[in-house]
Amino acid sequence: MTLPPAPEPPDLRAAFRERGYVAGDALVTALRLVVALGKPLLLEGPAGVGKTEAAKTLAASLGTRLIRLQCYEGLDAQSALYEWNYARQLLHLRAAEAGGRPVTDADLYGPEFLMQRPLLEAIRQPAPPVLLIDEVDRADDAFEAFLLELLAEWQVTVPELGTLTATARPHVLLTSNRARELSDALRRRCLYLWVDYPSRAEELEIVRARLPGIDGALAGQVTRAVHALRELPLGKPPGVAETLDWATALVVLHRDWLDAEALELTLGAVLKLREDQLLARPLLEKIARR
């Protein structure tokens, strides 16, 4: 089916910045095309670089709903689409039997008993929502094949109700941390953007945007330390989310400098593996002494 294109989006760069998200040219352009062309966007990159946050911020910027489907191993189409409220159906059946009324399938499988899951909910919205299919690489090939049909037709079939068709095309963002390779068929249906760690200057700008009251020297020290950490062979390198958590923890503790004591108190905000903490401690202690 063909749905009409959405109107031109607002100035996304400014809208994102108002919400503390510093978006580069490539991301702003890709998101504009998502809205203007009605094409899904596949965002790939390391964990913690802001892929999921981009979808949340896009929904806020457009003034529309964010509907999120969190993918996981074993996720099937039924779980992502709908299920019937069996408890409510049973109560309805017992009430009908108590009243001596006959019950048909149509009585039990009406819209009032349908529990919408994210994908069905997204296509039944009166205005285009932002549909986030998060960590699609965690789902298996069968679910990925099902997505191909949904993204092409924007309709689903509920056997008891018939075919349900979207009235407004959702703005779709898919994210992947590359836990497995996605199919060529899915990639062909999407716009694509690799989202990498920001440069040190960009990350400093992000910290200042999200924490406007932070001391400038502390913000610079934190971003310098995080970028140094990413050069180490860590099991879980810190993403932008960890940078912000670390900076926030230091601000909450009223620290204006990352000294040895502050490092000891807040190391768990940036490094989440014991082995990584042991590996990085000499480097961080050297930065703290500066």
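Given the structure is predicted, the values throughout are model-derived calculations rather than measurements.

The rules behind the values
- Residues numbered from 1 in each chain as written.
- Predicted model: local features only at pLDDT ≥ 70, side-chain atom pairs only at ≥ 80, totals over all residues.
- Heavy atoms only, no water.
- Helix = DSSP H or I, 4+ residues; strand = E, 2+ residues; numbered from the N terminus.
- Contact = heavy atoms within 4.5 Å.
- Areas by Shrake-Rupley, 256 points an atom, 1.4 Å probe, with all protein chains shown as cover.
- Lys, Arg positive; Asp, Glu negative; His and termini not counted.
- Charge placed at Lys NZ, Arg CZ, Asp CG, Glu CD.
- Buried < 20%, exposed > 50% of the residue type's maximum accessible area, 1.4 Å probe, protein only.
- Core = buried A, V, L, I, M, F, W, Y, C linked by side-chain atoms within 4.5 Å.
- Phe/Tyr/Trp six-rings, centres within 6.5 Å; stacked < 30°, edge-to-face > 60°.
- 1 Å grid on protein atoms, 1.4 Å probe; cavity = no way out; pocket = protein on both sides within 12 Å on 5 of 7 lines; lining within 4 Å.
- Points joined across faces, edges and corners; volume = space filled by probe spheres on them.
- Nonpolar A, V, L, I, M, F, W, Y, C, P; charged D, E, K, R; others polar.
- Pairing = 2+ DSSP bridges.
- Axes fitted to C-alpha atoms, helices over the stretch in contact; angles between N-to-C directions.
- Patch = residues over 30% accessible without salt bridge, like charges linked within 9 Å, V, L, I, M, F, W, Y side chains within 5 Å.
- Salt bridge = Lys/Arg side-chain N within 4 Å of Asp/Glu carboxyl O.

(A) Fine view of the overall build of the protein chain. Counting secondary structure elements, the protein chain contains 14 helices and 9 strands. Taken along the three principal axes of its C-alpha coordinates, the protein chain extends 80 × 45 × 35 Å. For the protein chain, long-range pairs separated by at least 24 residues make up 75% of all intrachain contacts whose partners lie at least 6 apart in sequence. Split by element, the accessible area of the protein chain, about 14300 Å² in all, is 53% carbon and sulfur. Between the averaged position of the 34 positive side-chain charges in the protein chain and that of its 40 negative side-chain charges there is a distance of 4 Å.

(B) Structural context of the side chain of Q277. For Q277, the location among the structural elements is in helix α14 (residues 274–289). Under the relative-accessibility criterion, Q277 is labelled buried at 15%. If near-sequence neighbours (up to four positions away) are discounted, Q277 is found in contact with L267, G268 and L271.

(C) Broad picture of the nonpolar core. Counting 36 residues, the largest nonpolar core has L119, L120, I133, F143, L147 and L174 as its most contacted members. Looking at this core, the element that brings in the most residues is helix α8 (residues 141–153), giving 6 residues. When near neighbours in sequence (up to four residues on either side) are disregarded, L147 contacts L119, I133, V136 and L174. Ranked by size, the runner-up nonpolar core spans 28 residues in total, among them A247, L258, A269 and A280.

(D) Summary view of the packing of aromatic side chains. As enumerated under the stated definition, the model contains 2 aromatic pairs in all. With 5.2 Å between their ring centres and 85° between their planes, F16 and Y21 make a pair best called edge-to-face. Across this residue pair, the class does not change: F16 and Y21 are buried. Relative to F146, the ring of F143 has its centre 5.8 Å away and its plane inclined at 45°; by these criteria the two rings are tilted. Here F146 and F143 lie together in helix α8, a separation of 3 residues that amounts to about one turn.

(E) Just the layout of surface pockets, in detail. Estimates place the volume of the largest pocket at around 830 Å³. Around the largest pocket, the lining is made up of 37 residues, and of these Y21, V49, G50, K51 and V195 lie nearest the centre. Of all the elements in the fold, those that place two or more residues in the lining of the largest pocket are α2 (25–37), α3 (51–62), β2 (66–70), β9 (191–194), α10 (200–210) and α12 (240–252). A per-element tally of the lining of the largest pocket places α12 first, with 5 residues. By residue class, the composition of the lining of the largest pocket is 16 nonpolar, 9 polar and 12 charged.

(F) Quick look at the environment of L147. With respect to the helices and strands, L147 occurs in helix α8. For L147, a relative accessible area of 0% translates into the label buried. Residues L147 and A77, spaced 70 residues apart in sequence, show a C-alpha to C-alpha distance of 8.4 Å.

(G) Local environment of the sheet that holds strand β5 (residues 130–134). If you trace the 5 strands from one edge of the open sheet to the other, you get β2-β5-β8-β1-β9, paired in parallel fashion. Bordering the open sheet on either side are β2 and β9, each of which pairs with just one other strand. Sheet twist, expressed as the mean angle between neighbouring strand axes with direction ignored, is 20°. The sheet contact formed by β2 and β5 spans 5 bridges and is parallel. By the bridge assignment for β5, L66 is matched with V130. Of the strands in this sheet, β1 (41–44), β2, β5 and β8 (171–176) are in contact with α3, which crosses β5 at around 170°.

(H) Region of interest: the side chain of R281. Inspection of the secondary structure assignment puts R281 in helix α14. Judged by relative accessible area, R281 falls into the buried class, the value being 19%. Leave out the neighbours within four places in its chain, and R281 touches E264 and L267.

(I) How the structure looks around a nonpolar patch on the surface. On the surface, V252, L253 and L265 cluster together to form a nonpolar patch covering roughly 280 Å² of accessible area. Mapped onto the fold, V252 is located in helix α12. V252 sits in the exposed class, given a relative accessible area of 57%.

(J) Geometry of the pairing of strand β7 (residues 162–165). Note: strand β6 (residues 155–158) against β7, 4 bridges, orientation antiparallel. Among the inter-strand pairings, V158 is bridged to a residue of β7, identified as G162. Linking β6 to β7, which pair antiparallel, is a turn of 3 residues.

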